[in-house]
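These are the residues of each chain, in order.
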Amino acid sequence: MENYLYQGLIGLTYSMYLWLLAAGLTIAFGILNILNFSHGSLFMLGAYFAFTLYGVFGINFWLAVLLSALGVALVGAVMERFLFRRIYQLELPFQLLLTYGLVLVLDDIVKIIWGGAFLVPPIPPLLDGAVPLFGRPFPIYNLFILAVGALVGILLWIVFDKTWWGRMARAAAWNREMGATLGMNVPRVFTFVFMFAAALAALGGALGIPMRPVSPGLGIAMIVQAFIVTVIGGLGNLRGAFVGAIVVGMLTAYSTMLFPLFELFLPYVVMAAVLMLRPQGLLGGR
Amino acid sequence: MPIDWRIAIPLLLGVAALFAVPLWFGNFGVYLVMQMMLLTLFAIGFNLLLGYTGLLSFGQAGFFAVGAYVCALILQQAPSLLLGVAGGIVAAGLTALVLGYLSVKLTEIYFSMLTLSFGMMIYSLVWRWREVTGGDDGLTDIPRAPLTLPGIRIDLSELSHYYYFVLLATLIAVWLMHRIVKSPLGLTFQAIRDSAVRAEFVGIPIRRFRLLAFVIAGLYAGLAGALLAPLERTITPGYAHWTASAEPILASLIGGLYVFAGPIIGAVLFIGIKEIVVRLTDHWMLVMGVVVIVIVLGFRGGVLGTLLRWTGRDAEGKS
Amino acid sequence: MTALLSATGLVKSFHGMRAVDHVDMEIPEGRVTGIIGPNGAGKTTLVHLLTGHLMAEAGRIEFDGADITALPAYARVRRNLCRTFQIVDIFTRLSVFQNVQIARITRHGRNWRFFMPAAGEAAGEVEVALKEVGLWELRHRQADQLSHGQQRRLDLAVTLATGPRLCFLDEPTSGVSPHERDQMLELIKLLAKAHRTTFVVIEHDMEVVFGLCEWITVMHRGKILAEGKPDAIRDNRAVREVYLGEEV
């Protein structure tokens, strides 16, 4: 029994990374209406930035994480301003392909700067401990990640449901012309939204560096996970993304423990089942 | 019908040149041209789905892999090339029939996501079903079996011999696809692409035709995969991964989605650029990514579509 | 006259709102019917139900003596029941010729032919159809290169090429110039005779309706408010009240 509970916590920790990743993807899709293949690459970029600042230059870990998110947000601003803005009107295949082109570009840029090797930084000393939970030591760092995930969830809920800024962004998504007639600078709102989404991805990537090695394949590996999560919860649905992240995290944790042969397979089965039975996602309202 | 010599002459010269490739080039050139032909098969099948029927699949690598693995498994048991290739095609087609039946109920991004998940299921299956597929080691020592017909037995273990087999298969398959695209069936697909609702209101049962397009695309992916197995003689799960599904997409985009020859030119350019770039630098993905971005932003007709527009010949109706 | 199409008790709701609320309707062969009503009256939804674009929650539809309630749209088209949409819907990347041709190919059930070129299929029939609507000269043009008025006419030609006995036209003149509108009206009258097609026209433009229709059905809030000959409808008090403030 304790084993199961412990494994549940491991799964929940993974869920929180997925949540940070999927939240940004969902926001970008919900408001800009573009499914961004390169979102995983932004996650990866966040990890590399944090690795460099913390692992190479020895900057304080928390500051490094924060700066990474900011840095990737700037990369996102450039992407939105010079690329995405030109494709909002295009047909779906062209939109997807542009973002896929970015995956290729970012992957190689990362290789040029950091090389192709796996990089592992030290765990920040402050959190380099464990507490006994369910009869086994549970890393404090994981507890911290759980807290961050919950915090980001609350923050997003406040931003998008309670603030003027969030309502404005959602209004702009609902109807671009109407947003413009209401006096908002829709292009600028979209740039900010995308920067925000990029920062969330980078936050997930940066916080993940003590847990997993950083390597160029990270973006491609993560984006498919993000797709699974957002499809299960409902494309463009933030609460759905949270639920989807928990479903996938748990599924991964328990299938690794119980039937490792199907650990890769199962998330896709769930994703396909949701699409076939309820394409709007578990929490989609349409 | 009158023959358009401006198309016929270059076409004949091109085919003649393809037959001469093993005479002019060494094994490496032969190998490279075969890669182009396999990607051509993969891409024209894919583009029947996207360029002609309007469905963007991200799972085509799954069918490619089914073709490759089934062909490889047959060849390891029974050394007959035709049997292996036919088995690969049939298996891919059946897989496409089942998964397509489930997929064509959806459209747009939902269709893309569902095909992505199906493709990745095949990938996971190939990766984990070690006893049959060899897991991440893949299948090795696939024999380049002889071509056996009643009374005839042609040895294909020589790369240049196998080349002619692939060339013939490619020419037949491309010719057949051209017939399909120009036929009433092809017109039906294009009508569905332009407006599914309107197509239904001229009396077309759109799901059945989408499924048919999906199965044909699966058959072509299976053929390409089946021909790959004896060429490479080793196949690994990577061929089923979604990033492999992107290759026919990129080839079609580069050449032009709305011209029949687009994916063919695209496949040649894709393999050609890759070969050149890889020799000069390690950063082939960077170059490819920039090419894709430039095409999407400025030249959505692809190389061929843009050329046709510049020369004043519209991309539609002719090719 | 026996009814070509008859519907009884049709219901359709969106988000709990009854867009079509127990509607009965009979359309006899050979009479041009107009369906009018203010915005949101349920006219278009009713046509969606009758043509199979949407499925009714309750009710029954009979066409040409057969129950078609459960048939999908394409099967109704095959039984000679067709329609156009409010917004022009044509095959944008196909040529004008191919637009009509695909309708003829489908009519003949030749969609599955995959080996012979389509180019010559039904060429004679396509020529006749395009000459009727005055687009034969433009047959090689890609459909999205036509003017809006031309696209309207092509839309009509494609619809008629499916060979309908009953054809719904959803605002056939919306978005065209007054001159083109008059042309369109003449064309519809002409085609109704030539093809022996029964037309049902949904319209906003009262001039169009009174100029074209022999019978008018007025819808309001999902129900049928009144029906009768144009003169009777013009004088009907309930109808005038509903339209008060709207252009009559």
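Along each chain, numbering runs from 1 in the same order as the chain's sequence is written. Key to labels: chains lettered from A, ligands numbered from 1, both in the order written. Per-residue local features of the predicted model are confined to residues with pLDDT of at least 70, and side-chain atom pairs are confined, for both listing and counting, to 80 or more; whole-chain, interface and lining totals are unaffected and use all residues. Side-chain numbers here rest on the full set of heavy atoms in the structure, without hydrogens or water.

**Regarding the interface of chain B and chain C**
Argument step 1. Only heavy atoms enter the contact rule, under which two residues are in contact if any of them lie within 4.5 Å. Counting residues at the interface gives 30 residues for chain B, matched by 37 residues for chain C.
Argument step 2. Counting the surface lost from both chain B and chain C, the interface buries some 3100 Å², and carbon and sulfur atoms represent 66% of this.
Argument step 3. On the chain B side of the interface with chain C, the three residues burying the most area are Leu187, Arg198 and Phe201 of chain B, jointly 25% of the side's total.
Argument step 4. The term salt bridge refers to a pairing of a side-chain nitrogen on Lys or Arg with a carboxyl oxygen on Asp or Glu at a separation within 4 Å. Where chain B packs against chain C, one counts one salt bridge.
Argument step 5. In this structure, arginine 198 of chain B engages aspartate 155 of chain C in a salt bridge whose closest nitrogen and oxygen atoms are separated by 2.8 Å.
Argument step 6. In the analysis that follows, any N or O atom pair within 3.5 Å is treated as a polar contact, provided that within protein one partner can donate a hydrogen and the other can accept it, and provided that, for residues neighboring in sequence, both atoms belong to side chains. The tally of links between chain B and chain C comes to 14 residue pairs in polar contact (both at pLDDT 80 or more).
Argument step 7. Of all the secondary structure elements, the ones that give two or more residues to the side of chain B that touches chain C are helix H7 (159-182), helix H8 (184-194), helix H9 (196-200) and helix H10 (206-232) of chain B.
Argument step 8. A per-element tally of the side of chain B that touches chain C places H8 of chain B first, with eight residues. Accessible surface is computed with a 1.4 Å probe, and the buried area is the amount of it that two parts give up when combined, taken over both parts together. Secondary structure counts use DSSP, requiring at least four H or I residues in a row for a helix and at least two E residues in a row for a strand, with both numbered from the N terminus.

**Examining the packing of aromatic side chains**
Argument step 1. Planes of paired rings set the category: under 30 degrees apart is stacked, over 60 is edge-to-face and the rest tilted, where pairs are Phe, Tyr or Trp rings (Trp by its six-membered ring) whose centres lie within 6.5 Å. Counted under the stated rule, the structure contains 31 aromatic pairs over all chains.
Argument step 2. Note on tyrosine 54 of chain A and phenylalanine 61 of chain A: the rings are 5.0 Å apart at their centroids and 75° apart in plane angle, and the pair reads as edge-to-face.
Argument step 3. Type-normalised accessible area, obtained with a 1.4 Å probe on protein chains alone, sets the label of each residue: buried when under 20%, exposed when over 50%, and partly exposed for intermediate values. A residue is classified by how much of its surface remains accessible, and tyrosine 54 of chain A, at 12% relative accessible area, is buried.
Argument step 4. Centroid distance phenylalanine 270 of chain B to tryptophan 284 of chain B: 5.3 Å. Interplanar angle 85°. Geometry classified as edge-to-face.

**So, a nonpolar patch on the surface**
Residue and element names in this part refer to chain B.
Argument step 1. Residues enter patches when their relative accessible area tops 30% and they take part in no salt bridge; the joining distance is 9 Å for like charges and 5 Å for the nonpolar side chains Val, Leu, Ile, Met, Phe, Trp and Tyr. Accessible surface is estimated by sampling points in the Shrake-Rupley manner with a 1.4 Å probe; for residues, cover comes only from the protein chains shown. A cluster of nonpolar side chains, Ile265, Val290, Val294, Phe299, Val303, Leu307 and Trp310, forms an exposed patch at the surface whose accessible area comes to about 610 Å².
Argument step 2. Among the secondary structure elements, those contributing two or more residues to the nonpolar patch are helix H13 (284-298) and helix H14 (302-310).
Argument step 3. In terms of residues, the nonpolar patch owes the most to one element, H14, which gives three residues.
Argument step 4. Take leucine 307: it is sitting in helix H14.

**Description of the sheet that holds strand S4 (residues 58-63) of chain C**
All names here are of chain C.
Argument step 1. The antiparallel open sheet is built from four strands, whose spatial order is S2-S1-S4-S5. The two strands at the open ends of the sheet, each matched to only one other strand, are strand S2 (17-28) and strand S5 (66-67).
Argument step 2. Paired strands, as defined in this entry, are two strands with at least two bridges between them according to DSSP. In this sheet, S5 lies alongside S4 in antiparallel orientation, the contact comprising two bridges. Paired with glutamate 62 across the two strands is aspartate 67, which belongs to S5.
Argument step 3. Axis lines are fitted to C-alpha atoms, over the contacting stretch for helices. Their N-to-C directions set the angle, which ranges from 0 to 180 degrees. Packed on one face of the sheet, helix H1 (residues 43-51) meets strand S1 (3-14), S2 and S4 and runs near 120° to S1.

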